[in-house]
Amino acid sequence: MKLNIEQLKQITTGAVKIKEENGWFSFSRFTAEQEKLYQITNKDFYNKTFSTAGIKFSFKTDSKNLFIKFRTSVSTSRKYFSIDVFANDCLIDYIDNFSDTELAQNYTQQEFLLGDFSKNFELGDGEKTVCVHLPWSVKTLIEEFSIDDDAFIEGIKPEKKLIAFGDSITHGYDALHPSNRYIAKLADMLGAEEFNKAIGGEVFFPELAESKDSFMPDYITVAYGTNDWNGTDEETFKYKCKAFYMNLSRNYPDSKIYAITPIWRKDMSEYREFGDFKKVEQDIRSAVMDIENITVISGFDFVPKDEKYFADLRLHPNDDGFEYYEKNLYDKIKKYI
């Protein structure tokens with residue numbers, strides 16, 4: 001049984017809109033207004049809005065099989081991808097474009113094939129819960145999503161909602177598997193649906209926080225600052241940081257907002273116009289000290305300060321680094337839930 005658009009809407013999480021065009025289904029994590037902001041201000045970032053970071057299919061079924069046919073195309077600077085399939089919370093299989101390639105220690109700039117792919121996944125007997133993580137790194141269009149003809153399917157939507165703002169690390173760089181992103185794991189721990197608003201390379205962008213989604217999230221995480229330090233002067237940073245959080249709190253006064261300060265980066269001792277890297281955390285704390293629904297969480301020690309936990313050996317965690325990030329972040333956040 002090939003699912004139609006209404007059935008796909010019932011099982012999709014993390015998307016604010018789903019469209020069907022010429023037999024292909026597309027999934028958007030940004031609203032049209034938010035996409036327009038990037039279209040006007042930064043065409044490179046605008047292209048990144050079309051990656052399927054944080055978008056999943058979550059459902060109950062008794063189908064023994066799941067067939068997916070899809071197309072991938074460039075959205076970020078990363079060309080590798082994976083679709084991860086879980087049954088009863090266990091990873092049972094995946095389809096990617098890198099398993100047949102020898103990966104370098106720094107695999108982030110390797111070339112990988114994009115285009116059309118398909119695979120049948122064996123789900124096993126009986127009723128089970130299934131979760132399918134779409135790629136964070138590429139634009140993904142679904143042509144066919146099918147289960148056995150005599151099977152049932154019922155969407156599962158988490159009770160809570162989480163909006164995640166951030167730069168490349170929250171976007172997903174550089175997890176090989178989308179299910180290993182720190183924010184994906186955190187959303188699961190919180191029992192929340194992830195709405196990923198992160199963009200690789202982004203800094204505090206007050207206009208984005210001014211554009212409101214159609215729902216009131218239970219939780220919001222914000223993780224900017226490392227790119228601001230790398231390319232912005234401190235006074236500009238202070239202004240944009242304060243404006244971002246004020247807009248966010250105004251739009252979502254009943255949400256619990258967590259301001260996550262930057263993790264360690266290998267080049268943090270190098271000269272930047274901004275000044276000392278550790279000033280970023282100090283300035284974030286100063287910016288939000290009078291905003292009641294914002295809690296600051298220091299991220300500096302979340303990932304071990306060893307290049308083996310970073311895919312690019314300096315900045316972006318790999319899958320092992322993300323595991324440390326999520327565990328340490330959840331240990332902090334759970335104190336305030």
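Predicted model only: the values in this text are computed from it and were never measured.

Q: Hey, could you go over unusual backbone geometry for me, with residue numbers and the actual values?
A: For the bond running from tyrosine 173 to aspartate 174, omega is 5°, close enough to zero to count as cis. Mapping aspartate 174 onto the fold places it in the loop between α4 (168-171) and α5 (182-190). Phi at asparagine 22 takes a positive value of approximately 55°, unusual for a residue other than glycine. Inspection of the secondary structure puts asparagine 22 in the loop between β2 (17-21) and β3 (24-28). A positive phi is found at leucine 313, a non-glycine position, where the angle reads about 70°. On the secondary structure map, leucine 313 appears in the loop between β16 (294-297) and α10 (319-333). According to the relative accessible area criterion, leucine 313 is partly exposed, its value standing at 21%.

Q: Can you break down α5 residue by residue, with the values?
A: One full turn of an α-helix is made of 3.6 residues, so residues set three or four places apart face in the same direction. Within α5 the residues assigned to the buried category are Tyr182, Ile183, Ala184, Leu186, Ala187 and Leu190. Buried positions along α5 lie against β12 (160-166), α4, β13 (192-196), β14 (219-223), β15 (256-260) and α10. Just past α5, the residue glycine 191 takes up positive phi, approximately 65°.

Q: Could you give an account of the layout of surface pockets, with specific residues and numbers?
A: In this structure, the largest pocket spans a volume of roughly 570 Å³. What lines the largest pocket is a set of 25 residues, and nearest its centre among them are Lys56, Asp89, Cys131, His133 and Asp188. At the level of secondary structure, the elements contributing two or more residues to the lining of the largest pocket comprise β4 (56-61), β6 (82-87), β9 (128-133), α5 and β13. No other element matches β9, which puts four residues into the lining of the largest pocket. Computed from the structure, the second largest pocket encloses a volume of approximately 260 Å³. Tallying contributions element by element places β3 first for the lining of the second largest pocket, with five residues. The class makeup of the residues in the lining of the second largest pocket is six nonpolar, three polar and five charged.

Q: Residues and numbers for the packing of aromatic side chains, please.
A: The full count for this structure, using the stated rule, is 30 aromatic pairs. Their ring planes at 85° and their centres at 6.0 Å tell us that phenylalanine 30 and tyrosine 38 sit as a pair that is edge-to-face. Residues phenylalanine 30 and tyrosine 38 agree in their burial class; the two are buried. Ring geometry for tyrosine 38 against phenylalanine 45: centres 6.2 Å apart, planes inclined by 70°, an arrangement best described as edge-to-face. Judged by its relative accessible area of 11%, phenylalanine 45 falls in the buried class. Ring-pair connections join several aromatic residues into one group, and the members of that group are Phe165, Phe204, Tyr224, Phe237, Phe244, Tyr245 and Phe274.

Q: Before we move on, could you go through the sheet that holds β14 and cite the residues and values that matter?
A: Judged by pairing direction, the sheet is parallel, and its five strands sit side by side in the order β13-β12-β14-β15-β16 without closing on themselves. Edge positions in the open sheet fall to β13 and β16, since each of these has one partner strand only. Neighbouring strand axes in the sheet, compared pairwise and without regard to direction, differ in orientation by 20° on average. Bridge analysis of β12 against β13 gives five bridges, and the strand direction is parallel. Note on β13: the bridge partner recorded for leucine 162 is glutamate 194.

Q: Account for the packing of helix α8 (residues 234-251) against helix α9 (residues 279-288), naming residues and giving values.
A: Here α8 crosses α9 at 40°, and the two axes come no closer than 9 Å. Between α8 and α9, the angle is such that the two are oblique. Considering only the axes of α8 and α9, their crossing is right-handed. Here Glu234, Phe237, Lys238, Cys241, Lys242 and Tyr245 of α8 come into contact with α9, specifically with Lys279, Val280, Asp283, Ile284, Ala287 and Val288. Counted by class, the contact of α8 with α9 contains seven nonpolar, no polar and five charged residues.

Q: Tell me about the side chain of lysine 48, residues and numbers included.
A: With respect to the helices and strands, lysine 48 occurs in helix α3 (residues 43-48). Taking the relative accessible area as the measure of exposure, lysine 48 reaches 8% and is therefore buried. Of note is the side chain of lysine 48, whose polar atom sits 2.6 Å from the backbone oxygen of glycine 200. Those residues in contact with lysine 48, other than ones at most four positions away along the chain, are Arg29, Ser75, Thr76, His171, Tyr173, Ile199, Gly200 and Gly201.

Rules of the game
- Residues numbered from 1 in each chain as written.
- Predicted model: local features only at pLDDT ≥ 70, side-chain atom pairs only at ≥ 80, totals over all residues.
- Heavy atoms only, no water.
- Helix = DSSP H or I, 4+ residues; strand = E, 2+ residues; numbered from the N terminus.
- Buried < 20%, exposed > 50% of the residue type's maximum accessible area, 1.4 Å probe, protein only.
- Contact = heavy atoms within 4.5 Å.
- 1 Å grid on protein atoms, 1.4 Å probe; cavity = no way out; pocket = protein on both sides within 12 Å on 5 of 7 lines; lining within 4 Å.
- Points joined across faces, edges and corners; volume = space filled by probe spheres on them.
- Nonpolar A, V, L, I, M, F, W, Y, C, P; charged D, E, K, R; others polar.
- Phe/Tyr/Trp six-rings, centres within 6.5 Å; stacked < 30°, edge-to-face > 60°.
- Pairing = 2+ DSSP bridges.
- Axes fitted to C-alpha atoms, helices over the stretch in contact; angles between N-to-C directions.
- Parallel < 35°, antiparallel > 145°, perpendicular 65-115°, else oblique.
- Left-handed = near helix turned anticlockwise from the far one by under 90°.
- Polar contact = N/O pair within 3.5 Å; in protein donor to acceptor, adjacent residues only side chain to side chain.

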